[in-house]
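A closer look at the structure
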Amino acid sequence: MQLVDNTAFLTQLTALFESTKDHGSIWLTHKRLTHDGDDATMKHEESGGTDEREYQCLIRATNGKTINFSTRIDANELPKFYSAYGSLLKSSLSLTLRKRDKKKEKTRQEQALKRKKKMTELVVVDGPKRGAGRRKRQRQVKAAAKQAEAQKRFKEREEKRRVVESSCILVSIRYLLALLRVLQFRDNSRSIIYSSPTLPVE
């Protein structure tokens, strides 16, 4: 692990983001450094007193392969460093995150409402079977059959979903019952052990 200063860390992190723009992953870890020879727990947490010492912050960056570097930030340098560090993360991650397309979401909602209305709205079949208006009646009959088929598929999907949910609930109930039996068995075993009479010593 290469230890660099704060400025070099930001420079190398920028280059790392550029190298993984198309594909790849980056791991960033933050932790508090303790003084040499100290435990991970601060002294004042155990004794109840106050600790006047300042602890550094260690930040590591790696791509999981060959690039590994870290930096240490003093307590008085944290605001300045995090200002530049946050700007770097924001500018680098904004390129990879998709922006919310509200217009497309609205179009999808309108299409979903239209399909739902088309499926639930009753298709009226009228007109003569022969002569003028016959083709219109045939189109209405086809639309009614298509609607009935769509409603049938929807009911089948809902029924399957209910069956899956019911089976999950049943499995959860069985698991809880088995757990209760185990706990009850343990309690009974303890009561038997505790209530067993003491044998006299000869």
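Residues numbered from 1 in each chain as written. Predicted model: local features only at pLDDT ≥ 70, side-chain atom pairs only at ≥ 80, totals over all residues. Heavy atoms only, no water.

With their axes 11 Å apart at the nearest point, helix H1 (residues 6-19) and helix H3 (residues 78-93) run at an angle of 5° to one another. The angle between H1 and H3 falls in the class roughly parallel. Of the residues in H3, those in contact with Asn6, Phe9, Leu10, Leu13, Thr14 and Phe17 of H1 are Phe81, Ala84, Tyr85, Leu88, Leu89, Ser92 and Leu93. Residues that form the contact of H1 with H3 fall into these classes: 10 nonpolar, 3 polar and no charged. (Axes fitted to C-alpha atoms, helices over the stretch in contact; angles between N-to-C directions. Helix = DSSP H or I, 4+ residues; strand = E, 2+ residues; numbered from the N terminus. Parallel < 35°, antiparallel > 145°, perpendicular 65-115°, else oblique. Contact = heavy atoms within 4.5 Å. Nonpolar A, V, L, I, M, F, W, Y, C, P; charged D, E, K, R; others polar.)

Turning next to the confidence of the model for the protein chain. On average, the protein chain scores 78 in pLDDT, and the residues at 70 or more come to 79%. Confidence over residues 192-202 falls short of pLDDT 50; this stretch has 0 contacts with residues more than four positions distant or in other chains. (pLDDT = per-residue confidence, 0-100.)

It is worth spelling out the side chain of Gln140 at this point. Here Gln140 is to be found in helix H5 (residues 134-195). With relative accessibility at 14%, the residue Gln140 sits in the buried group. If sequence neighbours within four positions are ignored, Gln140 has contacts with Val123, Val124, Val125 and Asp126. (Buried < 20%, exposed > 50% of the residue type's maximum accessible area, 1.4 Å probe, protein only.)

Attention shifts here to a nonpolar patch on the surface. A cluster of nonpolar residues, Ile169, Ile173, Tyr175, Leu176, Leu177, Leu179, Leu180 and Leu183, forms a patch on the protein surface that exposes about 770 Å² of accessible area. Relative to the helices and strands, Tyr175 is located in helix H5. (Patch = residues over 30% accessible without salt bridge, like charges linked within 9 Å, V, L, I, M, F, W, Y side chains within 5 Å. Areas by Shrake-Rupley, 256 points an atom, 1.4 Å probe, with all protein chains shown as cover. Salt bridge = Lys/Arg side-chain N within 4 Å of Asp/Glu carboxyl O.)

Once that is clear, we can look at helix H4 (residues 102-120). Every α-helix winds through 3.6 residues per turn, so residues three or four apart in the chain are directed the same way. An ideal rise of 1.5 Å per residue puts 27 Å on 19 residues; H4 measures up with 27 Å between its terminal C-alpha atoms. Summarising burial for H4: 1 of the 19 residues are buried, a small minority. (Expected span 1.5 Å × (residues − 1).)

For the rest of this paragraph, the subject is a positive patch on the surface. Together, Lys114, Lys118, Lys146, Arg153 and Arg157 make up a region of like positive charge exposed at the surface. When residues of the positive patch are traced back to their parent elements, those giving at least two are H4 and H5. No other element matches the 3 residues that H5 contributes to the positive patch. Along the chain, Lys118 falls in helix H4. By relative accessible area, Lys118 is classed as exposed at 64%. (Lys, Arg positive; Asp, Glu negative; His and termini not counted. Charge placed at Lys NZ, Arg CZ, Asp CG, Glu CD.)

Okay, the sheet that holds strand E3 (residues 57-62) next. In space, the 4 strands of this open sheet follow the order E1-E4-E3-E2, with mixed pairing throughout. Each having just a single partner strand, strand E1 (2-4) and strand E2 (27-32) make up the two edges of the open sheet. In this sheet, neighbouring strand axes are inclined to one another by 25° on average, regardless of whether the strands run parallel or antiparallel. Relative to strand E4 (residues 68-73), E3 runs antiparallel, the two sharing 6 bridges. By the bridge assignment for E4, Leu58 is matched with Arg72. Against the sheet, H1 engages E1, E2, E3 and E4, with an angle of about 145° to E4. (Pairing = 2+ DSSP bridges.)

Under the counting rule described, the total for this entry stands at 5 aromatic pairs. Centre to centre, the rings of Phe9 and Phe69 are 5.3 Å apart; their planes meet at 65°, and the pair counts as edge-to-face. Placement of Phe9 in helix H1 and of Phe69 in strand E4 is noted, with a sequence separation of 60 residues between them. Looking at Phe9, the relative accessible area reads 0%, which means it is buried. (Phe/Tyr/Trp six-rings, centres within 6.5 Å; stacked < 30°, edge-to-face > 60°.)

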